Amino acid sequence: MTIDESNWLDSKVIECQNCGQKLHWLWHSPMYDESFFYCTQCPKRVEVSNYDGVVLSLRKLAIEKAEAAGDKEWSGRLYLLVENKLANCECGGRFKYDAPRRCLRCFSVLTQSEPGRDVWPPESPDEKLSPDYQSLSSPMESLIKTENIWLT
């Protein structure tokens, strides 16, 4: 199998099977120092820094629990611990590492969903998201939560 180095994130355009919206679909960059946790009910996501103090404490706990169980795999435990500490989404959903990705227009689950893939608005100037749709009336940044992410 040959890897296309010019497209190492496997970037492609996909289409929502519900509303036909075209979306940009790619692998999460391994050079990005954050993990994404997606809402279970809307397309919003939380970006959690690998160096956040809460994450560092939870990583230590995940490693200890894995070692106590004789398991070398601790990342799955870490994701569960982080999920339990994240505040709910404004829509009432929960942020989960493996939540299915959703269309940015109609919020339907994308059948192509898989953890590690990210959804972005289309890059083509010809492909516009519906401006009258509530979730898309503001820039993409409104769908990314980076502040007040932890339960208090």
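A brief structural summary. These figures come from a predicted structure and were not determined experimentally. (Residues numbered from 1 in each chain as written. Predicted model: local features only at pLDDT ≥ 70, side-chain atom pairs only at ≥ 80, totals over all residues. Heavy atoms only, no water.)

Moving on, we get to the sheet that holds strand S2 (residues 22-27). Strand order in the open sheet formed by three strands is S1-S2-S6, with antiparallel pairing between adjacent strands. Every interior strand has two partners, whereas the edge strands, strand S1 (12-15) and strand S6 (117-120), have only one. On average, each strand axis in the sheet is tilted by 40° relative to the strand beside it, whichever way the strands run. (Pairing = 2+ DSSP bridges. Helix = DSSP H or I, 4+ residues; strand = E, 2+ residues; numbered from the N terminus. Axes fitted to C-alpha atoms, helices over the stretch in contact; angles between N-to-C directions.)

Its place among the elements puts Lys 44 in the loop between strand S3 (34-39) and strand S4 (45-49). There is a polar contact of 3.2 Å between the side chain of Lys 44 and the side chain of Glu 90. (Polar contact = N/O pair within 3.5 Å; in protein donor to acceptor, adjacent residues only side chain to side chain.)

Adjacent strands of a sheet form backbone hydrogen bonds with each other and so pair up, either parallel or antiparallel. Taken in spatial order, the four strands of this open sheet run S5-S3-S4-S7, and their pairing is mixed. The sheet terminates laterally at strand S5 (95-96) and strand S7 (144-145), the two strands that pair on one side only. Where S4 meets S7, two bridges bridge the pair, whose relative direction is parallel. Across the sheet, residue Val 46 finds its bridge partner in S7, namely Lys 145. Together, S3, S4 and S5 form the strand contacts of helix H2 (residues 75-85), whose direction differs from that of S3 by roughly 55°. (Contact = heavy atoms within 4.5 Å.)

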